[in-house]
Amino acid sequence: MKLKFTKMHGAGNDFVVIDAINQAVNISPDHWKQLADRRFGIGADQILVVERPSSGDVDFRYRIFNADGGEVEQCGNGARAFVKFVVDKGLTEQREIRVETLSGVIAPRLEDDGQITVDMGAPLLAPERVPFDTAGLMPRTMGSAALWPLEIGGTLTELAVISMGNPHAVQVVADADAAPVAQHGPLIENHRRFPRRVNAGFMQVVDRHHVRLRVFERGAGETLACGTGACAAVVAGITMGLLDSPVAVSTRGGELSIAWDGGGAPVRLTGPAVSVFEGTIDI
């Protein structure tokens, strides 16, 4: 089967985007994994699939497959690529759309300056909603945040657990460059306390409106940027009393901006999305 695709990225977090409205897409998890492979496929952190909506109150359905072939709930940088793709391809004339995901509806908007803002919805802070197993653990309170102690690689690590439609565990580090992302990231991702695995964030606070961030993503490893990870990190920092909205998030792939008014308010993610090339691949 020949499959048309577009290669895109958002701050270095790279995607293969597939239009499943104008072509038939019936492939297996092994095929998603093949497409994401950087040696034997196209290469990507995630595969994004554009589908027709399942109901009349949204414009599109947005499906996300990680590099390991597993389908996941949410991807903030991918949401920005998604809206740019559907606008560029003439699939919509709207600059703001409503998109259904596995975790609910999001609303990405293409700004006049080419940046894209996504209403990511309200964060979920209750551990059972992440989900995170707290049995036998006692958190330390910092501001309004609960910091949960886990032993990671022989080191006691305090984590703020947050869902942005997908699970995140955020820790504060002194230096993002020196953080043990490669060593501790997979240990956190696969820790038994996270039944659906988790994205591990390592956040360095620069000042009250600026952080540096690295994220070891569930099913993808460390990526150059993670949109939902940036949202979770800023929510964690604000609830800890370390940050004030809006916050500039410096990733290894570029700059993102996160705004959150606290409580049940939605998190707003702003950043770039870039089309790199298009092609056709035999599957």
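For the structure itself, consult the block above.
Conventions adopted
Residues numbered from 1 in each chain as written. Predicted model: local features only at pLDDT ≥ 70, side-chain atom pairs only at ≥ 80, totals over all residues. Heavy atoms only, no water. Helix = DSSP H or I, 4+ residues; strand = E, 2+ residues; numbered from the N terminus. Rg over C-alpha atoms; globule rule 2.2 N^0.38 Å. Buried < 20%, exposed > 50% of the residue type's maximum accessible area, 1.4 Å probe, protein only. Contact = heavy atoms within 4.5 Å. Areas by Shrake-Rupley, 256 points an atom, 1.4 Å probe, with all protein chains shown as cover. Lys, Arg positive; Asp, Glu negative; His and termini not counted. Charge placed at Lys NZ, Arg CZ, Asp CG, Glu CD. 1 Å grid on protein atoms, 1.4 Å probe; cavity = no way out; pocket = protein on both sides within 12 Å on 5 of 7 lines; lining within 4 Å. Points joined across faces, edges and corners; volume = space filled by probe spheres on them. Nonpolar A, V, L, I, M, F, W, Y, C, P; charged D, E, K, R; others polar. Salt bridge = Lys/Arg side-chain N within 4 Å of Asp/Glu carboxyl O. Pairing = 2+ DSSP bridges. Arc of directions from axis to C-beta.

### Points about the overall build of the protein
When helices and strands are counted, the protein shows 4 helices and 19 strands. Relative to the 2.2 N^0.38 estimate, which gives 19 Å for 283 residues, the radius of gyration of the protein is 18 Å and therefore close to what a compact globule would have. Taken along its principal axes, the extent of the C-alpha atoms in the protein is 50 × 40 × 35 Å. Per-residue burial over the protein gives 52% buried out of 283 residues. Look at the contacts in the protein between residues 6 or more apart in sequence, and 61% of them connect residues 24 or more apart. Accessible surface, the protein: about 11800 Å² in total, of which carbon and sulfur atoms supply 48%. Charge separation in the protein, taken as the distance between the mean sites of 27 positive and 34 negative side-chain charges, equals 3 Å.

### So, empty space enclosed by the protein
Using the criterion set out here, one finds 2 cavities of 30 Å³ or more in the structure. Size it by volume and the largest cavity reaches roughly 80 Å³. Together, 13 residues line the largest cavity, and N66, Q74, N166, N199 and E217 are the ones closest to its centre. Split into classes, the residues belonging to the lining of the largest cavity amount to 4 nonpolar, 7 polar and 2 charged. In this model, the second largest cavity occupies a volume close to 50 Å³. Along the walls of the second largest cavity sit L213, R214, V215, E222, T223, L224, A225, C226, T251 and R252, which together make up its complete lining. The element that contributes the greatest number of residues to the lining of the second largest cavity is strand 14 (residues 210-217), accounting for 3 residues. Per-class residue counts for the lining of the second largest cavity are 5 nonpolar, 2 polar and 3 charged.

### Things to note about the pattern of salt bridges
In this structure the tally under the stated criterion is 21 salt bridges. Salt-bridge contacts for D282 lead to K2; the nearest nitrogen and oxygen are separated by 3.0 Å. Separated by 280 residues along the polypeptide, D282 in strand 19 (residues 274-282) and K2 in strand 1 (residues 2-10) bring together distant segments of the chain. Of the two residues, D282 and K2, neither departs from the other in class, the shared state being exposed. Between E73 and R218 there is a salt bridge, and its shortest N-O distance comes to 2.5 Å. Taken together, the positions of E73 in the loop between strand 5 (71-72) and helix 2 (76-88) and R218 in the loop between strand 14 and strand 15 (221-223) put the pair 145 residues apart, joining distant regions of the chain. Exposure remark for E73: the relative accessible area of 15% places this residue in the buried category. Relative accessible area serves as the criterion here: at 6%, R218 is assigned to the buried category. Taken together, the shared-partner salt bridges connect K7, D14, R38 and D45 into one network.

### Brief notes about the pairing of strand 10 (residues 145-152)
Pairing of strand 9 (residues 140-142) with strand 10, which is carried by 3 bridges, proceeds in the antiparallel orientation. Bridging across to strand 10, R140 finds its partner in L147. As defined by bridge partners, strand 10 adjoins strand 11 (residues 155-163) across 5 bridges and the pair is classed as antiparallel. For I152, the partnering residue across the bridge sits in strand 11 and is T155. Hairpin geometry of strand 10 and strand 11 is characterised by an intervening segment of 2 residues between the two adjacent antiparallel strands and by a positive phi of about 60° at G153.

### A word on helix 3 (residues 181-189)
Helical geometry note: an α-helix holds 3.6 residues per turn, so side chains three or four residues apart project in the same direction. Burial in helix 3 covers these residues: V181, H184, G185, I188 and E189. Taken end-on, helix 3 shows its buried residues confined to a sector of 135°, consistent with a single buried face. Away from the buried face of helix 3 by more than 90 degrees, exposed residues A182 and Q183 are located. Tucked inside the fold, the buried residues of helix 3 contact strand 10, strand 11, strand 12 (167-172), strand 13 (199-207), strand 14 and strand 15.

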